[in-house]
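Coordinates in review
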Amino acid sequence: MEKIILILISIVLLILDNSFAPFFAIHGAYPSLLLTFSIAYSILKKKEDAVFIGVVSGLLQDIYFYNGFGVNSLLNLFLCIMASVIGESIVRNKRLIPTVSIFVITIVKFFGIFMIFSFMDIIVEVDFIKIIIMGLYNSIIMFFMYKIVSRQLDKNNNNQQWRFK
């Protein structure tokens, strides 16, 4: 049931990414709610869950990525696993590390897209200012989203602990 809810949340965030977020663009850059959510979830959960959300979010982002289907899936998979490893070594209720992590992960993702496209001989326009602005946007969104996701996962864990089987 949790995986179905994750898929539904991811679809809603993808719709918001492509319809609502562009209205807040600065210099053509706007936040990626789906990437931010998947990283926040991966930081708070185990590697197995990070793999699932990474693949799901990547496949959904690949729907709108016409040049290279599968690139987002691959990168989101690795980045969510990396976020899960980061999450194993931090204090869960502090938001500084996740906020900084999403900034770095956003830059790494675009660098990864650029590298993969370079190997495939696809010309990609790189605007570093746009990437930095997007990373800052994602950091601001992560500051608030991390607390929401953390609270929701804590609530779910507390409800499951008291179930008698």
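- Under an unreviewed UniProt entry, the name given to the protein is Rod shape-determining protein, and the source organism is Clostridium neonatale.
- In the Sequence similarities (unreviewed entry) part of its UniProt record, the protein is described as follows: "Belongs to the MreD family."
- What the UniProt record of the protein gives under Subcellular location (unreviewed entry) is the line "Cell membrane".

1. With respect to the pattern of salt bridges
- Inspection of every chain in the model, using the stated rule, returns two salt bridges.
- The partner of Asp49 in a salt bridge is Lys45, and the shortest N-O contact between them spans 4.0 Å. Here Asp49 and Lys45 have matching classes, each one buried.

2. What to know about a nonpolar patch on the surface
- A contiguous nonpolar surface patch, about 750 Å² in accessible area, is contributed by Met1, Ile4, Ile5, Ile7, Leu8, Ile9, Ile11 and Ile15.
- Structurally, the position occupied by Met1 is in the segment before helix 1 (2-19).

3. Quick notes on the confidence of the model for the protein
- Across the protein, the average pLDDT comes to 86, with 95% of residues at or above 70.
- Mean pLDDT across the secondary structure elements of the protein bottoms out at helix 6 (residues 128-161), with 84, and peaks at helix 2 (residues 33-44), with 92.
- Contacts from residues 161-165, a stretch scored under 50 in pLDDT, to residues over four places away or in other chains number zero contacts.

4. Observations regarding the side chain of Thr106
- Considering the arrangement of structural elements, one finds Thr106 in helix 5 (residues 96-119).
- Residues contacting Thr106, with those up to four places away along its chain left out, are Leu35, Ile131, Met134, Gly135 and Asn138.

5. Some remarks on helix 3 (residues 47-63)
- For helix 3, which comprises 17 residues, the first-to-last C-alpha distance of 24 Å matches the rise-based estimate of 24 Å (1.5 Å per residue) to within 8%.
- For helix 3, the set of buried residues is Asp49, Ala50, Ile53, Gly54, Val56, Ser57, Gly58, Leu60, Gln61 and Asp62.

6. With respect to the layout of surface pockets
- In this structure, the largest pocket spans a volume of roughly 940 Å³.
- What lines the largest pocket is a set of 29 residues, and nearest its centre among them are Tyr30, Phe65, Phe110, Ile113 and Met134.
- For the lining of the largest pocket, the secondary-structure elements that each account for two or more residues are helix 1, helix 5 and helix 6.
- Class assignment for the residues of the lining of the largest pocket results in 17 nonpolar, seven polar and five charged.

7. What to know about the nonpolar core
- Core analysis: the biggest nonpolar cluster contains 27 residues, and Phe37, Ile39, Tyr146 and Val149 have the highest contact counts within it.
- Elements supplying a minimum of two residues to this core: helix 1, helix 2, helix 3, helix 4 (71-88), helix 5 and helix 6.
- A per-element tally of this core places helix 2 first, with nine residues.
- The contacts of Ile39, once residues within four sequence positions are left out, are Leu79, Cys80, Ala83, Ile102, Ile105 and Met142.
- Judged by nonpolar contacts, the second largest core, of five residues, contains Val71, Leu75, Ile116 and Phe117.

Parameters and conventions
- Residues numbered from 1 in each chain as written.
- Predicted model: local features only at pLDDT ≥ 70, side-chain atom pairs only at ≥ 80, totals over all residues.
- Heavy atoms only, no water.
- UniProt positions renumbered as here; feature names shortened; annotations may be inferred.
- Salt bridge = Lys/Arg side-chain N within 4 Å of Asp/Glu carboxyl O.
- Buried < 20%, exposed > 50% of the residue type's maximum accessible area, 1.4 Å probe, protein only.
- Patch = residues over 30% accessible without salt bridge, like charges linked within 9 Å, V, L, I, M, F, W, Y side chains within 5 Å.
- Areas by Shrake-Rupley, 256 points an atom, 1.4 Å probe, with all protein chains shown as cover.
- Helix = DSSP H or I, 4+ residues; strand = E, 2+ residues; numbered from the N terminus.
- pLDDT = per-residue confidence, 0-100.
- Contact = heavy atoms within 4.5 Å.
- Expected span 1.5 Å × (residues − 1).
- 1 Å grid on protein atoms, 1.4 Å probe; cavity = no way out; pocket = protein on both sides within 12 Å on 5 of 7 lines; lining within 4 Å.
- Points joined across faces, edges and corners; volume = space filled by probe spheres on them.
- Nonpolar A, V, L, I, M, F, W, Y, C, P; charged D, E, K, R; others polar.
- Core = buried A, V, L, I, M, F, W, Y, C linked by side-chain atoms within 4.5 Å.

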